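Read off the chains here:
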Amino acid sequence: MAEYGKGQGKGQGKGQGKGQGKGQGKGQGKGQGKGQGDDHAGGPAGGMLSSALISTYDGVVGYWDGTPLRHPGPIGEDDTDISYLSRTVRGDLIDSLLTPHFSVTGHDGEAHLKALGNTVVTLERPDAETFEQQLSMVRAYADLRDDRMAEILEQTEDLMSFFGAVAYLDTDRHGKTLELLAAAIRLAVHVEMPLKHFCRAPRPIDYAPQVQPMIQTPDHSSYPSGHAIEVFVAATVMSRVMTGLGPKSALTNTDAEATIAAMPFRIAHRIATNRTVAGVHFPVDSAAGALVGCALGETMFRIASGRGQIDWPQPRTLGFAAPSEGDPPFDLSLGWLRDQLDDDAPMRPTTRDVFGTLWEEAADEWQEAH
């Protein structure tokens, strides 16, 4: 699971901290800064400011008996309009409306991701022999540590900068996209820990001290990889809003749109693989996370497209067995992922609710002029 920073909170000018709005996952930059904050004028609240505002009130208001001077209407145009809220509060609202649709159940090595009562993916914990054979892949990938050290260290806290390298992401031109991506990663964090809990698989270092990871090993389950869930849900959402293509088409087609759509998945694959390079994950961990992340992103798209018109695919069960003698250990590839994916969810008009409207506004940011 990515461990995000809590923001710097000092900001400059309009003060974005280090994050966009509520931030990714556990929150990159909830602080809006000491400059002109996005949620109110002036500096942060505090005793000195309150005292100054009280003395200002006494000095300028004079006598007032409480008679209203204006008659304001309702805030916002309708229930779908959340533009009156700060990014942080919009993020809280989106989370409150979105996360109740998702749940995780499981027991002793098996975990089920459900959405709107439908089972989306079932994960079965690989047996010890499979993990033991995977250890040779961890050893082989360790040779790349010097080459990828900068990536690995940055990716412990920052994932979105790498997606921003393949698509221009900023708050002015693509602010809604950033909010949607942040919501997607927070949703990934919401489901990944219970998935890990029910699967409860040891980390590579538990099998051999020679692994010697180059970063600290987290204390939670190796299977599935939280990083993989987060980056592949981000890739799925980016592909959808930028081109309309789901993960199956993005990884299958070869035209210009598919080439654009595939780039976030290539970034996601690189980040997931780096966790094996670092020595904290097996390739099967990232494979399970990749499948969950794509399914999660497509489910978000289905919800945005209309709850009452969802065509749910058959539930997918993923398990891994030790390879036959003479066969190489499993390694994650985008070709393998493509072959596991269901057909993309069909395109539909977005739902006129808060989440559907956010998705539609994010997609509109990528429409080219004709």
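Reading the values: the criteria
Residues numbered from 1 in each chain as written. Predicted model: local features only at pLDDT ≥ 70, side-chain atom pairs only at ≥ 80, totals over all residues. Heavy atoms only, no water. Pairing = 2+ DSSP bridges. Helix = DSSP H or I, 4+ residues; strand = E, 2+ residues; numbered from the N terminus. Axes fitted to C-alpha atoms, helices over the stretch in contact; angles between N-to-C directions. Contact = heavy atoms within 4.5 Å. pLDDT = per-residue confidence, 0-100. Phe/Tyr/Trp six-rings, centres within 6.5 Å; stacked < 30°, edge-to-face > 60°. Buried < 20%, exposed > 50% of the residue type's maximum accessible area, 1.4 Å probe, protein only. Lys NZ or Arg CZ within 6 Å of the ring centre and 35° of its normal. Parallel < 35°, antiparallel > 145°, perpendicular 65-115°, else oblique. Left-handed = near helix turned anticlockwise from the far one by under 90°. Nonpolar A, V, L, I, M, F, W, Y, C, P; charged D, E, K, R; others polar. 1 Å grid on protein atoms, 1.4 Å probe; cavity = no way out; pocket = protein on both sides within 12 Å on 5 of 7 lines; lining within 4 Å. Points joined across faces, edges and corners; volume = space filled by probe spheres on them. Salt bridge = Lys/Arg side-chain N within 4 Å of Asp/Glu carboxyl O.

A. A look at the sheet that holds strand 4 (residues 316-318). One open sheet holds the four strands; their spatial order is 1-2-3-4, and the pairing between them is mixed. The open sheet has two edge strands, strand 1 (102-107) and strand 4, and neither has a second partner. Each strand of the sheet is rotated relative to its neighbour by a mean of 15°, with strand direction disregarded. Alignment of strand 1 against strand 2 (residues 110-115), held across six bridges, turns out to be antiparallel. The partner of H107 across the bridge, within strand 2, is E110. Contacting strand 1, strand 2 and strand 3 (118-124), helix 6 (residues 171-199) crosses the sheet at an angle of about 10° to strand 1. Sheet contacts for helix 11 (residues 283-305): strand 1, strand 2, strand 3 and strand 4; angle to strand 3, the most-contacted strand, approximately 175°.

B. Representation of the confidence of the model for the chain. Per-residue pLDDT for the chain averages 88, and the proportion of residues at 70 or more is 87%. Below a pLDDT of 50 lies the segment residues 3-37, which in the model reaches 95 contacts outside its immediate sequence neighbourhood of four places, other chains included.

C. View of the packing of aromatic side chains. All told, the structure shown has ten aromatic pairs when counted by the stated rule. Aromatic side chains F232 and F265 sit 6.5 Å apart centroid to centroid with 40° between the ring planes, which places their arrangement in the tilted category. One end of the pair, F232, is in helix 8 (residues 226-243); the other, F265, is in helix 10 (residues 256-278), with 33 residues separating them in the sequence. Its relative accessible area of 0% is what places F232 among the buried residues. Residue classification places F265 among the buried residues on the basis of a relative accessible area of 0%. An aromatic cluster is defined as three or more aromatic residues linked by ring pairs; in this entry it consists of F131, Y207, Y223 and F282. Directly above the ring of F301 sits R240, whose terminal nitrogen or CZ lies 3.8 Å from the centroid.

D. Summary view of the packing of helix 4 (residues 145-155) against helix 10. Running from N to C, helix 4 and helix 10 point in directions that differ by 115°, and their axes come no closer than 10 Å. What the angle tells us is that helix 4 and helix 10 run roughly perpendicular. In this structure, helix 4 meets helix 10 at a crossing whose hand is left-handed. Of helix 10, the residues touching helix 4 (which contributes R145, R148, E151, I152 and Q155) are R270, I271, T273, N274, V277 and A278. In the contact of helix 4 with helix 10, the residues fall into four nonpolar, three polar and four charged.

E. Layout of unusual backbone geometry. Between Y223 and the following residue, P224, the backbone shows a cis peptide bond with an omega angle of -5°. Within the secondary structure layout, P224 lies in the loop between helix 7 (204-207) and helix 8. Here D108, not a glycine, exhibits a phi torsion of approximately 45°, which is positive. Within the secondary structure, D108 is located in the loop between strand 1 and strand 2. Classification of D108 as partly exposed rests on a relative accessible area of 49%.

F. Fine view of empty space enclosed by the protein. Evaluation of the coordinates by the stated rule reveals seven cavities of 30 Å³ or more. Computed from the structure, the largest cavity encloses a volume of approximately 200 Å³. Lining of the largest cavity is provided by 19 residues; of these, A295, E298, R302, P313 and D342 occupy positions nearest its centre. Elements that contribute at least two residues to the lining of the largest cavity include exactly strand 3, helix 9 (247-250) and helix 11. With six residues, helix 11 is the largest single contributor of residues to the lining of the largest cavity.

G. Geometry of the pattern of salt bridges. In the structure shown here, the tally under the stated rule is ten salt bridges. Here R90 ties to E179 by a salt bridge, and the two come within 2.5 Å at their closest N and O atoms. Taken together, the positions of R90 in helix 2 (residues 87-98) and E179 in helix 6 put the pair 89 residues apart, joining distant regions of the chain. Given a relative accessible area of 13%, E179 falls into the buried group. Residue R139 pairs with D143 through a salt bridge whose shortest N-O separation is 2.9 Å. With relative accessibility at 54%, the residue D143 sits in the exposed group.

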